[in-house]
Amino acid sequence: MSLLAVRDLDAGYGEDLQILHGVDIDVADGEYVTIVGPNGAGKSTVMKSVFGLTTHMGGSVTFDDTDITGMPPEEVIYEGLGYVPQNDNIFPTLSVRENLEMGAYILDDVPQDALDAVFERFPILDERQSQKAGTMSGGQQQMLAMGRALMLDPDLLMLDEPSAGLAPDLVDDMFDRIDEINDDGTAILMVEQNAKEALQRCDRGYVLAQGQNRYMDEGDVLLADEEVRQQFLGG
Ligand SMILES: Nc1ncnc2c1ncn2[C@@H]1O[C@H](COP(=O)(O)OP(=O)(O)OP(=O)(O)O)[C@@H](O)[C@H]1O
């Protein structure tokens, strides 16, 4: 049984700019899945489509047995799905703590246990609770964006290029933290430019190109596949 099942999905932007052509993606409970592929392949569009941010043109998206096809983000969030977009994923003028509280805005009260869990996972956020988010480093802002998405304790966390813009020595640390979130039971769907590292870390990977599925297998198998390496991983 899939936690997330994307079936034959057609989606895009505006009235008729179709980007995805019959895409299929599955994520099982607790699984760690990555999507890799060339620029413009539609990787981000898959995530945006699951989160109700694109024009739905065909096919379906099911999450935890609920049909969420075309459901707007303000409703999807109630289903147990968290999403950290690549850009604009924090409120720069709000404090760290206010950003985390915003992550739980759909609840009447800020869940103290969730806040404590985020601070335990990312101690730097605890130390900097009152700092304006926009004044933190790129890596710290990325942790804050993840922390915010974790405030509702999602069953699936979608991460769009979490390593983008990070200094090389911080990239491994970011991937380690994603491993930890997954080890604690949250399923991960991640889009990454850093394809080799992402495929090494995940359970299963999809290669997307031109809005279509190209390859799907265990990460290690994709990494070892000569065709995949030549075409999509720079040899
Ligand atoms: N809001 C938008 N309006 C119109 N076209 C868009 C929009 N967002 C993305 N696109 C187009 O959709 C196509 C796929 O973009 P997408 O960002 O999903 O690709 P990607 O595989 O994530 O690539 P990248 O690694 O470059 O982010 C691109 O041609 C892009 O220009």
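These numbers were taken from a predicted model, which means no experiment stands behind them.

A word on the overall build of the chain
Thought 1: Each helix and strand in the chain was counted, giving ten helices and ten strands.
Thought 2: Over its C-alpha trace the chain gives a radius of gyration of 17 Å, about what one expects of a compact globule, namely 18 Å for 235 residues.
Thought 3: Each principal axis of the C-alpha atoms in the chain carries an extent, and together these give about 50 × 35 × 30 Å.
Thought 4: Out of the 235 residues in the chain, the part that is buried amounts to 39%.

Considerations on the sheet that holds strand 8 (residues 187-191)
Thought 1: Taken together, six strands build an open sheet; the order of strands is 6-7-8-3-9-10 and the sheet is mixed. What marks the edges here is a single partner per strand, and that holds for strand 6 (81-84) and strand 10 (212-218). Along the sheet, successive strands turn relative to each other by an average axial angle of 15°, direction set aside.
Thought 2: Two strands pair when backbone bridges link them, and strand 7 (residues 156-160) and strand 8 are joined in this way by five bridges, in the parallel orientation. Among the inter-strand pairings, Leu 157 is bridged to a residue of strand 8, identified as Ile 188.
Thought 3: Across the face of the sheet, helix 6 (residues 138-150) comes into contact with strand 6 and strand 7 while running at roughly 165° to strand 6.
Thought 4: Helix 7 (residues 168-183) contacts strand 3 (32-36), strand 7 and strand 8 of the sheet and is inclined by roughly 150° relative to strand 8.

Observations concerning helix 7
Thought 1: Helix length check: helix 7 (16 residues) gives 24 Å between terminal C-alpha atoms against 22 Å at 1.5 Å per residue, within 8%.
Thought 2: Of the positions making up helix 7, those classed as buried are Met 174, Phe 175, Ile 178 and Ile 181. Seen along its axis, helix 7 keeps its buried residues to an arc of 115°; they face one direction. In helix 7, the exposed residues that point more than 90 degrees away from the buried face are Asp 169, Asp 172, Asp 176, Glu 180 and Asp 183.
Thought 3: Lining the buried residues of helix 7 we find helix 6, strand 7, strand 8 and helix 8 (195-201).

Analysis parameters
Residues numbered from 1 in each chain as written. Predicted model: local features only at pLDDT ≥ 70, side-chain atom pairs only at ≥ 80, totals over all residues. Helix = DSSP H or I, 4+ residues; strand = E, 2+ residues; numbered from the N terminus. Rg over C-alpha atoms; globule rule 2.2 N^0.38 Å. Buried ≥ 20, exposed ≤ 12 C-beta atoms within 10 Å, placed from the backbone. Pairing = 2+ DSSP bridges. Axes fitted to C-alpha atoms, helices over the stretch in contact; angles between N-to-C directions. Contact = placed C-beta atoms within 7 Å. Expected span 1.5 Å × (residues − 1). Arc of directions from axis to C-beta.

Limitation: the analysis is restricted to geometry and does not speak to function.
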